[in-house]
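# Descriptive analysis of the structure
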Amino acid sequence: SDNYPTFLKSVFSLENIRGALITMPHKVSTVGLLDEVTATVRVAGACNAVKRLPDGRLVGDMFDGAGFVRGVQRKGFDLSAKRVLVVGTGGVGCAIAASLAGAGIAAISLFDVNSASCDALAQRLKDNYPQIEVRTGSNDPAGHDLVVNATPMGMNEGDPLPMDVSRLDASTFVGEVVMRTEMTAFLNAAKARGCKVQVGSD
């Protein structure tokens with residue numbers, strides 16, 4: 001792990017290398033080794049794909065949140081000008097927030113028990129997408145068109161819900177990232193309120 005920067009640079013100095021997919025724990029440290037990054041990388045603070053350009057420069061992108069966004073769009077939910085709540089601003093939450101911002105949302109609310117992580121993501125969003133209204137500090141789903149559980153809550157039986165589902169409107173689209181159980185307690189509660197849902201494997 002300590003030799004990772006040297007290793008990555010030496011790999012990409014080879015003429016027959018065109019790109020690489022990056023896995024944990026190197027997604028964050030890779031960012032500092034790149035010559036160019038997308039807005040998604042700047043917001044997510046991590047990179048999972050590197051491409052070597054013909055001139056040798058390394059360009060990075062992040063696709064972890066794109067799968068979530070495509071799943072929502074495939075279900076017919078238009079993200080343009082929508083108000084979104086993302087609960088959980090760890091790696092997956094940051095990636096989803098970055099992809100949502102790139103999809104043209106109007107506003108995003110962020111919540112995490114780690115307020116420093118939440119505030120850092122909020123600042124990166126403001127810096128890269130100044131047209132998006134960014135708020136932090138509340139996990140209240142009321143008034144949002146899409147809410148996302150990007151926390152591990154729901155992986156284990158008896159986990160607390162990531163937000164107060166009684167505050168969910170039936171028109172709100174609800175997404176989950178937990179894949180251990182397809183229909184988590186959170187998704188079941190949201191569905192019971194009439195919400196359309198997206199399971200983690202979507």
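The rules behind each value
Residues numbered from 1 in each chain as written. Predicted model: local features only at pLDDT ≥ 70, side-chain atom pairs only at ≥ 80, totals over all residues. Heavy atoms only, no water. Phe/Tyr/Trp six-rings, centres within 6.5 Å; stacked < 30°, edge-to-face > 60°. Helix = DSSP H or I, 4+ residues; strand = E, 2+ residues; numbered from the N terminus. Buried < 20%, exposed > 50% of the residue type's maximum accessible area, 1.4 Å probe, protein only. Axes fitted to C-alpha atoms, helices over the stretch in contact; angles between N-to-C directions. Parallel < 35°, antiparallel > 145°, perpendicular 65-115°, else oblique. Left-handed = near helix turned anticlockwise from the far one by under 90°. Contact = heavy atoms within 4.5 Å. Nonpolar A, V, L, I, M, F, W, Y, C, P; charged D, E, K, R; others polar. Pairing = 2+ DSSP bridges.

### Observations regarding the packing of aromatic side chains
Counted by the stated rule, this structure contains 1 aromatic pair. Judged by centre distance (5.2 Å) and plane angle (45 degrees), the ring pair of Phe 77 and Phe 173 falls under tilted. Linking Phe 77 in the loop between helix H4 (66–74) and strand S5 (83–87) with Phe 173 in strand S9 (residues 173–176), this pair joins segments that are 96 residues apart in sequence. Looking at Phe 77, the relative accessible area reads 12%, which means it is buried.

### Some details on the packing of helix H5 (residues 91–102) against helix H6 (residues 115–128)
Interaxial distance between H5 and H6 falls to 11 Å at its minimum, and their mutual angle equals 20 degrees. Considering the angle they form, H5 stands roughly parallel to H6. Where H5 crosses over H6, the two elements pack in a sense that is right-handed. Here Gly 93, Cys 94, Ala 97 and Ala 101 of H5 lie close against H6, whose contacting residues are Leu 121, Arg 124 and Leu 125. Residues that form the contact of H5 with H6 fall into these classes: 5 nonpolar, 1 polar and 1 charged.

### Re the sheet that holds strand S7 (residues 133–136)
Pairing in this open sheet of 6 strands is parallel, and the strands run S7-S6-S5-S8-S9-S10 from one edge to the other. Only two strands of the sheet have a single partner each, and these edge strands are S7 and strand S10 (197–198). Where helix H7 (residues 185–192) meets the sheet, its contacts fall on strand S8 (146–149), S9 and S10, and the angle it forms with S9 comes to roughly 170 degrees.

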